[in-house]
Amino acid sequence: MRAQTTDHRTQTTEALFLRRAIKYKAGVRFDEHERAAYGRDGFVLRHAMFSPAEIQALCETVEEVVAGVTRRALQADAGPELRLADGHRLQFSSRAVIQWEWRAGSQEVRLLEPFTHLHPRFAALWTDLRFTQPMEDALGTPEVAPYTCKLNLKRPREGSEFPWHQDYTYWYAFTPQTAHEIATAILFLDDASPANGAISRAARLAPARAGAA
Ligand SMILES: O=C(O)CCC(=O)C(=O)O
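These numbers were taken from a predicted model, which means no experiment stands behind them. (Residues numbered from 1 in each chain as written. Predicted model: local features only at pLDDT ≥ 70, side-chain atom pairs only at ≥ 80, totals over all residues.)

Student: Help me understand the overall build of the protein in this model?
Tutor: On a plain count of helices and strands, the protein comes out with six helices and five strands. The secondary structure elements of the protein, listed N-terminal to C-terminal, are α-α-α-β-β-β-β-α-α-β-α. Taken over the C-alpha trace, the protein has a radius of gyration of 19 Å; the compact-globule value for 213 residues is 17 Å, and the two agree within 12%. Seen along its three principal axes, the alpha-carbon backbone of the protein occupies a region of about 55 × 50 × 35 Å. (Helix = DSSP H or I, 4+ residues; strand = E, 2+ residues; numbered from the N terminus. Rg over C-alpha atoms; globule rule 2.2 N^0.38 Å.)

Student: Looking at this structure, how should I read the site of the ligand?
Tutor: Every residue lining the ligand is accounted for by Lys150, Asn152, Phe162, Asp167 and Ile199. For the shell around the ligand, the class distribution of residues is two nonpolar, one polar and two charged. (Near = placed C-beta within 6 Å. Nonpolar A, V, L, I, M, F, W, Y, C, P; charged D, E, K, R; others polar.)

Student: What's the story with the confidence of the model for the protein in this structure? I'm lost.
Tutor: Low pLDDT marks stretches whose predicted atomic positions should not be read closely. Averaged over all residues, the pLDDT of the protein is 88; the fraction at 70 or higher stands at 91%. The least confident element of the protein is helix α1 (residues 6-23), whose mean pLDDT is 74; the most confident is helix α4 (residues 120-123), at 98. (pLDDT = per-residue confidence, 0-100.)

Student: Got a minute to help me understand the sheet that holds strand β5 (residues 151-152) in this structure?
Tutor: Sheet strands pair via backbone hydrogen bonds, and the direction of the pair is either parallel or antiparallel. Strand order in this open sheet of five strands is β1-β2-β3-β4-β5, and the pairing throughout is antiparallel. The strands lining the two open edges of the sheet, one partner per strand, are β1 (81-83) and β5. Sheet topology note: the strand β4 (residues 109-113)/β5 ladder contains two bridges and is antiparallel. Bridged to Leu112 within β5 is Leu151. (Pairing = 2+ DSSP bridges.)

Okay, here's the thing in structure tokens:
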């Protein structure tokens, strides 16, 4: 195991980001290895696409926005709540769906969908080439459009699990004709490790086809 100070890690990430910035000067399209990896594995992983300063600004904005959403949702005349069959609590507020943490009575936000309308720094991500170009390559199309966006929070101690699922089934429920034209891009704002609930993936399933359930 290797330990390092936060300072050192920030400097290392900054250096990696600068190298990446040179490599991707002409754009951030899939290279041939990424194209092959996407076809084979169904995903591509890139590191340090955002600078430490950008990540820090986004993290600060997340905390600010989540605090505001929580404050509004806890007011007496806030939006309606909905309880799912499994007991999970959703609330409509701030023109979003809040899913509260699963512990009974919790006031911690677990996820927020949609969320980019809540701050211009988030809204700008929709047109950021670091998202749009690889997504165009993944979907094989000259242009992409927003479908939905979600902020997942995995708070220490109380962060509940994200059970195994395939996103396709959700898209299919809402838009069966075009579900196969939707892909997901994730920006990790924290280092993702098994200790803090990093996402993991199951073996690749057969590619979705138009009209397939
Ligand atoms: O972050 C995770 O563990 C899973 C997130 C996910 O798959 C989702 O939000 O659809």
